[in-house]
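Residues per chain, in single letters:
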Amino acid sequence: MSQITIFSASIGNGHNEASKALKEQFELQGETVTIIDTFHCIHPLLHKTFLELYLRMIKKTPRLWGRLYRYSEEYSWFLLLDQLGTFFCQKLNSIINKQRTTVMISTHPFVTAFLAKLKKKKNLSLPLYTVITDLYLHPAYVRPEIDGYFTASPHLDHFAFEHNLQADQWYCTGIPIKAIPDINIPRWKIRNDLKLQPDEKTVLITGGGLGLGKYEEILHSLETIHDKIQLLCMTGTNKQIEQKIHQYDSKHRIHVIPYTEQFTKYLRASDVVISKAGGLTMSEALACETPILIYQPVPGHEEDNAQFLMDFGTAVKAEAIEEVTELLQGILFDEKTYQQLVLNAKKLKKPDAAKHIAYVIKQLIRTEQVL
């Protein structure tokens, strides 16, 4: 039996959710799995520094984050993370020894850089697999020490050729998500179970686990919609925005819902989700066959996620706040537009990604043991 250690990072909630989905699938197959919140485990101050820096950049200087992301497509400045990882190899090695780890899985690119440096410096023979939680491929994900890559992107052959990589190390599995409600249950029935109005058009507004969306701006724009609709504001761990929305006076019915384990139920209950373009939220929306309206994705990785979804016809994007209402009305009240988005989601969704990844990794482990 393998001792699997999944290395995550609490920088955005998606990486942890992907890790939990994987853990659940491995345990169903009889494996022993531990999830490590990597930066916090190395030192709480390191975690605090990474989180605050990330939040400050995407809130205060998002364009700078986007420029760094684009710049790194041509120049390997991200390898500085590997050098930083040198200072923490001893700590990471002690974690691996304590867990008696035989397989390493990373769900965050910064963590992957640290683990790749660890493998190289300590000359470890442990397999290292990385689960990419964005929809688009970027050269910063690549390290020679990685034994397998799991992604939602179908453009594997092109990416591998462009960057001189082994194509057989890449697997188009989708992003791991937890189980979703039965897709055959009508949306009105799920609304009823959640004590929502079952017969009202329902829109979910989310800013990810950290609640970073433009909630007030969006709510204000939706006042111009004539028909009364039901708005589910999923505020994550953002207490400040939760309080502000509670005080918001609207002609629409507003439900404020902080962080919940039932997120996919609310997603499945909704006719449309308005969101940034975080990889986990987008994968869950596809699995729930809920049409996606993207507004103000984080420059860089989320912009690429948005483009990926638009290329496949599973999402529309508002470039300005004035477009949000127009696009939303088109989805809610034009049956042809709505059904086309649902049909495209059916083609692209990968609800069993976690099960697929667990199966492939177990097969790879067995192959390695035979050799």
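Reading guide: rules and limits
Residues numbered from 1 in each chain as written. Predicted model: local features only at pLDDT ≥ 70, side-chain atom pairs only at ≥ 80, totals over all residues. Heavy atoms only, no water. Pairing = 2+ DSSP bridges. Helix = DSSP H or I, 4+ residues; strand = E, 2+ residues; numbered from the N terminus. Axes fitted to C-alpha atoms, helices over the stretch in contact; angles between N-to-C directions. Core = buried A, V, L, I, M, F, W, Y, C linked by side-chain atoms within 4.5 Å. Buried < 20%, exposed > 50% of the residue type's maximum accessible area, 1.4 Å probe, protein only. Contact = heavy atoms within 4.5 Å.

A. Broad picture of the sheet that holds strand E7 (residues 202–206). Across the sheet, which stays open at both edges, the six strands sit in the order E9-E8-E7-E10-E11-E12 with parallel pairing between neighbours. The two strands at the open ends of the sheet, each matched to only one other strand, are strand E9 (253–258) and strand E12 (315–318). Direction aside, neighbouring strands of the sheet carry axes that sit 20° apart on average. Sheet topology note: the strand E8 (residues 230–236)/E9 ladder contains six bridges and is parallel. What sits directly across from cysteine 233, in E9, is valine 256.

B. How the structure looks around unusual backbone geometry. In the Ramachandran plot, arginine 100 falls in the positive-phi region, its phi being about 55° despite a non-glycine side chain. Although it is not a glycine, glutamine 296 adopts a positive phi angle of roughly 50°. Topologically, glutamine 296 is positioned in the loop between strand E11 (292–295) and helix H14 (301–311).

C. Quick look at the nonpolar core. Among the nonpolar cores identified, the biggest contains 38 residues, and Phe7, Phe39, Leu92, Phe114, Leu115 and Trp170 are the most heavily contacted of them. Listing elements by their share of this core, those giving two or more residues are helix H2 (38–42), helix H3 (44–60), helix H6 (89–99), helix H7 (109–122) and helix H8 (156–162). Counting residues per element, this core draws most heavily on H3, at seven residues. Residues within four places of phenylalanine 39 in sequence aside, it is in contact with Ala9, Ile11, Pro44, Leu46, His47, Phe50, Phe110, Val111 and Phe114.

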